[in-house]
Amino acid sequence: MQVAVPASAIEVSDLTKRYGDVLAVDHLTLRVQPGEIYALLGLNGAGKTTTIRMLLGMVRPSSGSVSVLAEQVRPEQSSVWSRVGYLVETPAAYPELTVRENLEIVRRLRGLTDPWVVDDVLAQLGLVPYADRRARTLSLGNSQRLGLAKALIHRPDLLILDEPANGLDPAGVAEVRDLLHDLAHRHGVAILLSSHILTEVARLSTRIGIIHHGRMVEEIAAADLTAHTRPRLTVVTRNAAGAMAALRAAGHFAELDGHGKLVLTDERALHHADEVATLLVNADCPPTRLAVEQDDLETYFLQLVGAIPAAGDG
Ligand code: ATP
């Protein structure tokens, strides 16, 4: 029996963009499924915006292919864009028009006949109190909300958002997160977003692609990130093999980390480091160093892209 494989919402294959000597995007491959919130995470200049612009047909790739909702992206092709919503960099609005008037223009440009879509999206983005304010008087966070409202007004199947949390305060980020989760999980919308803040994408997304110098460094499920920030007891002794044998015989979960350091992750070791020290002294492998360590997410990310040395390096 053949099982139908659902089409990916985004398929990027071997995508490269070169600007003269600068390789902005370097053989990037990624896939986003319906209902998934995929975050492109990278430092400034990593290639996120260039990738997003190629996805939207705004920049022509040097090589490789991009397809969106099962159609090859070409700037002139229009059918697919009615199913895509996007927000790229600081969203532009007509400054002298009100929030409602700005959305009304987008409604007409999109050919949407239902006049209620404007009220719906105002409510969805918490913009009702600002509906009659001129766009130029909005705070950065509310301008970002207006940008999101324009991206969502036609209920797209795919949302592409460059730095959607830009300018939002923590409460605003939480609201956007709830909105994106609702769209993805209840309505099956595929979402690709970019950010340079790991803690933010850890909350917003379900899968993260870490890019650096235009290349994919690692793809990771947001749920697996916590494994990288789990506390651990690290032990250095002059006899690592002997210490490991003694610890394992006592029922601890111990591993060598590649730098000659023993790493224990079991709860008993973490909460009773004194017992571990006594055990090692009795086994004739006294520790020369013993510490409980825990990375935060930013440290993990910066180590991955080589911006700071990994623990134990150097
Ligand atoms: P940021 O978080 O700062 O927006 P980014 O990850 O979005 O960064 P890009 O804007 O895609 O990164 O830039 C990737 C690289 O390509 C950078 O080195 C940038 O200087 C270069 N670049 C981008 N656009 C152009 C252009 N039009 N001409 C020349 N170089 C460019």
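Residues numbered from 1 in each chain as written. Predicted model: local features only at pLDDT ≥ 70, side-chain atom pairs only at ≥ 80, totals over all residues. Heavy atoms only, no water.

### Overview of the overall build of the protein chain
Secondary structure assignment for the protein chain yields 10 helices and 14 strands. Against the 2.2 N^0.38 benchmark of 20 Å for 314 residues, the protein chain shows a C-alpha radius of gyration of 25 Å, more extended than a compact globule. Viewed in the frame of its principal axes, the protein chain has a C-alpha envelope of about 80 × 50 × 45 Å. Across the 314 residues in the protein chain, those meeting the buried criterion constitute 45%. (Helix = DSSP H or I, 4+ residues; strand = E, 2+ residues; numbered from the N terminus. Rg over C-alpha atoms; globule rule 2.2 N^0.38 Å. Buried < 20%, exposed > 50% of the residue type's maximum accessible area, 1.4 Å probe, protein only.)

### Thoughts on helix 1 (residues 48-55)
Side chains three or four residues apart in an α-helix point the same way, a direct result of the helix having 3.6 residues per turn. Counted residue by residue, helix 1 has six buried out of eight residues, so it is predominantly covered. Lys48, Thr50, Thr51, Ile52, Met54 and Leu55 are the residues of helix 1 that are buried. A positive backbone phi angle near 75° is found at Gly57, which sits one or two residues after helix 1.

### Observations concerning the nonpolar core
Generally speaking, nonpolar side chains in soluble globular proteins are found buried as a group. Leu103, Leu180, Ile191, Leu193, Leu198 and Ile208 are the most contacted members of the largest nonpolar core, which has 47 residues in total. Counting residues per element, this core draws most heavily on helix 5 (residues 170-187), which supplies six residues. Contacts of Leu180, omitting those with residues within four sequence positions, involve Ile37, Leu159, Leu161, Ile191, Leu193 and Leu204. (Core = buried A, V, L, I, M, F, W, Y, C linked by side-chain atoms within 4.5 Å. Contact = heavy atoms within 4.5 Å.)

### Concerning the packing of helix 2 (residues 99-109) against helix 4 (residues 140-152)
Contact pair helix 2 / helix 4: the axes reach a minimum separation of 10 Å and the direction vectors enclose 25°. Judged by the inter-axis angle, helix 2 sits roughly parallel to helix 4. Crossing angle aside, the handedness with which helix 2 passes helix 4 is right-handed. Here Val99, Asn102, Leu103 and Val106 of helix 2 lie close against helix 4, whose contacting residues are Leu146, Ala149 and Lys150. Residues that form the contact of helix 2 with helix 4 fall into these classes: five nonpolar, one polar and one charged. (Axes fitted to C-alpha atoms, helices over the stretch in contact; angles between N-to-C directions. Parallel < 35°, antiparallel > 145°, perpendicular 65-115°, else oblique. Left-handed = near helix turned anticlockwise from the far one by under 90°. Nonpolar A, V, L, I, M, F, W, Y, C, P; charged D, E, K, R; others polar.)

### Side note on the pattern of salt bridges
On inspection of all chains with the given rule, the structure shows 17 salt bridges. We note a salt bridge from Glu96 to Arg134, for which the minimum N-O separation is 3.6 Å. Of the two residues, Glu96 sits in the loop between strand 6 (84-87) and helix 2 while Arg134 sits in the loop between helix 3 (116-124) and helix 4, which places them 38 residues apart along the sequence. Of the charged contacts, one joins Glu104 and Arg108 as a salt bridge, the two residues approaching to 3.7 Å between their closest N and O atoms. Taken together, the positions of Glu104 and Arg108, both in helix 2 and four residues apart, correspond to about one turn of that helix. (Salt bridge = Lys/Arg side-chain N within 4 Å of Asp/Glu carboxyl O.)

### Some remarks on the packing of helix 4 against helix 5
With their axes 12 Å apart at the nearest point, helix 4 and helix 5 run at an angle of 10° to one another. As judged from the angle between their axes, helix 4 and helix 5 are roughly parallel. Touching Arg145, Leu148 and Leu152 of helix 4 are Gly172, Glu175, Val176, Leu179 and Leu183, all from helix 5. Taken together, the residues of the contact of helix 4 with helix 5 sort by class into five nonpolar, one polar and two charged.

### Some words on the domain arrangement of the protein chain
As assigned here, the protein chain comprises domain 1 (10-226) and domain 2 (231-294). Relative to domain 2, the C-alpha centre of domain 1 lies at a distance of 46 Å. (Domains from an automatic or database assignment.)

### Some points on the sheet that holds strand 10 (residues 215-221)
Pairing in this open sheet of six strands is mixed, and the strands run 6-7-8-3-9-10 from one edge to the other. In this open sheet, the two edge strands, each paired with only one partner strand, are strand 6 and strand 10. The mean angle between the axes of side-by-side strands here comes to 15°, regardless of whether they run parallel or antiparallel. Where strand 3 (residues 37-41) and strand 8 (residues 190-195) come together, five bridges link them in parallel fashion. Directly across from Leu40, in strand 8, lies its bridge partner Ser194. Across the face of the sheet, helix 5 comes into contact with strand 3, strand 7 (158-162) and strand 8 while running at roughly 150° to strand 8. (Pairing = 2+ DSSP bridges.)

### As for the site of the ligand
In the neighbourhood of the ligand, the contacting residues comprise Tyr19, Val22, Ala24, Leu43, Asn44, Gly45, Ala46, Gly47, Lys48, Thr49, Thr50 and Glu163. One of the backbone N or O atoms of Gly45 is found 2.6 Å from an oxygen atom in the ligand. Of all the secondary-structure elements, those providing two or more residues to the shell around the ligand are strand 2 (22-32) and helix 1. No other element matches the three residues that helix 1 contributes to the shell around the ligand. The class makeup of the residues in the shell around the ligand is five nonpolar, five polar and two charged. (Near = heavy atom within 4 Å. Polar contact = N/O pair within 3.5 Å; in protein donor to acceptor, adjacent residues only side chain to side chain.)

### Observations concerning unusual backbone geometry
Unusually for a residue other than glycine, Asp14 sits at a positive phi of about 55°. Residue placement: Asp14 occurs in strand 1 (residues 10-19).

### Remarks on the environment of Leu168
By the element assignment, Leu168 lies in the loop between strand 7 and helix 5. Exposure remark for Leu168: the relative accessible area of 12% places this residue in the buried category. Spatially, the C-alpha atoms of Leu168 and Val80 are 30 Å apart, while their sequence positions differ by 88 residues. If near-sequence neighbours (up to four positions away) are discounted, Leu168 is found in contact with Gly141, Gln144, Val173 and Val176.

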